[in-house]
Amino acid sequence: IMSVQNYLDKNYARDINLDRLAKTFSISKYHMSREFKRCIGKSPIDYLIDVRINRAKTLLYDTNRPVAEICQLVGIPNPNHFLYLFKEREGVTPSAFRKFKL
């Protein structure tokens, strides 16, 4: 499970889903999901989204890159989906987050 977590931490920008993740580690996706949630406290995909949003927050804070570019860099190719996930988890849009942090 720690290997899966480390993989997600390092490869968050890649196109990752449960099937590919399970294949990478030669484990059943159901068993992996169950054990990951038991050990980490959230599903692998929820953990991955958290990693991506945290990286996006760093980029919003430290750079002037457009939000559309940041969402690509963190592995969420659809800007609308990125806006939805960011607002759902942070309570504000990425643009508002950037303005608030300045």
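Residues numbered from 1 in each chain as written. Predicted model: local features only at pLDDT ≥ 70, side-chain atom pairs only at ≥ 80, totals over all residues. Heavy atoms only, no water.

**Student:** Quick rundown of the overall build of the protein chain? Include the residues and the values.
**Tutor:** Along its length, the protein chain carries 7 helices and 0 strands. Counting only C-alpha atoms and orienting by the principal axes, one finds that the protein chain spans roughly 45 × 20 × 20 Å. The buried share among the 102 residues of the protein chain stands at 35%. Within the protein chain, contacts between residues separated by at least 24 positions form 52% of all contacts whose residues are at least 6 apart in sequence. For the protein chain, the exposed area adds up to about 6400 Å²; of that, 52% sits on carbon and sulfur atoms. Positive and negative side-chain charges in the protein chain, numbering 18 and 10 respectively, have mean positions lying 1 Å apart. (Helix = DSSP H or I, 4+ residues; strand = E, 2+ residues; numbered from the N terminus. Buried < 20%, exposed > 50% of the residue type's maximum accessible area, 1.4 Å probe, protein only. Contact = heavy atoms within 4.5 Å. Areas by Shrake-Rupley, 256 points an atom, 1.4 Å probe, with all protein chains shown as cover. Lys, Arg positive; Asp, Glu negative; His and termini not counted. Charge placed at Lys NZ, Arg CZ, Asp CG, Glu CD.)

**Student:** Could you give an account of the packing of aromatic side chains, with specific residues and numbers?
**Tutor:** Scanning all chains against the criterion turns up 4 aromatic pairs. With a centroid separation of 5.6 Å and an interplanar angle of 90 degrees, the aromatic rings of Y7 and F25 are classed as edge-to-face. Remark: F25 occurs in the loop between α2 (18-24) and α3 (29-40) and Y7 occurs in helix α1 (residues 2-11); sequence separation between them is 18 residues. The class of F25 is partly exposed, set by a relative accessible area of 28%. A ring pair is formed by F86 and F97, whose centres lie 5.6 Å apart and whose planes are at 75 degrees; its orientation type is edge-to-face. In this pair, F86 sits in helix α6 (residues 79-90) while F97 sits in helix α7 (residues 94-101), placing the two residues 11 residues apart along the sequence. (Phe/Tyr/Trp six-rings, centres within 6.5 Å; stacked < 30°, edge-to-face > 60°.)

**Student:** Break down the pattern of salt bridges for me, with residues and values.
**Tutor:** A complete count under the given rule lists 8 salt bridges for this structure. Across the pair R89 and D46 runs a salt bridge whose closest N-O atoms are separated by 3.3 Å. One end of the pair, R89, is in helix α6; the other, D46, is in helix α4 (residues 44-62), with 43 residues separating them in the sequence. Accessibility expressed as a relative area gives 29% for R89, which makes it partly exposed. In this structure, E90 engages K57 in a salt bridge whose closest nitrogen and oxygen atoms are separated by 3.4 Å. Taken together, the residues span a long stretch of sequence, with E90 in helix α6 and K57 in helix α4 at a distance of 33 residues. On the basis of relative accessibility, which here comes to 22%, the residue K57 falls in the partly exposed class. If you follow the salt bridges from partner to partner, you end up with K42, D46, D50 and R89 in one network. (Salt bridge = Lys/Arg side-chain N within 4 Å of Asp/Glu carboxyl O.)

**Student:** Talk me through the nonpolar core; I want residue IDs and the actual numbers.
**Tutor:** Ranked by size, the top nonpolar core spans 26 residues in total, and within it L8, L21, V74 and F82 carry the most contacts. In terms of residues, this core owes the most to one element, α4, which gives 8 residues. (Core = buried A, V, L, I, M, F, W, Y, C linked by side-chain atoms within 4.5 Å.)

**Student:** Any details on the packing of α1 against α4? Residues and values, ideally.
**Tutor:** One can describe the packing of α1 onto α4 by two numbers: an axis separation of 9 Å at closest approach and a directional angle of 35 degrees. Crossing hand, α1 versus α4: right-handed. Residues Q5, L8 and D9 of α1 pack against P44, Y47, L48 and V51 of α4. By residue class, the composition of the contact of α1 with α4 is 5 nonpolar, 1 polar and 1 charged. (Axes fitted to C-alpha atoms, helices over the stretch in contact; angles between N-to-C directions. Left-handed = near helix turned anticlockwise from the far one by under 90°. Nonpolar A, V, L, I, M, F, W, Y, C, P; charged D, E, K, R; others polar.)

Honestly, that's just the spatial picture; any functional story needs more than this.
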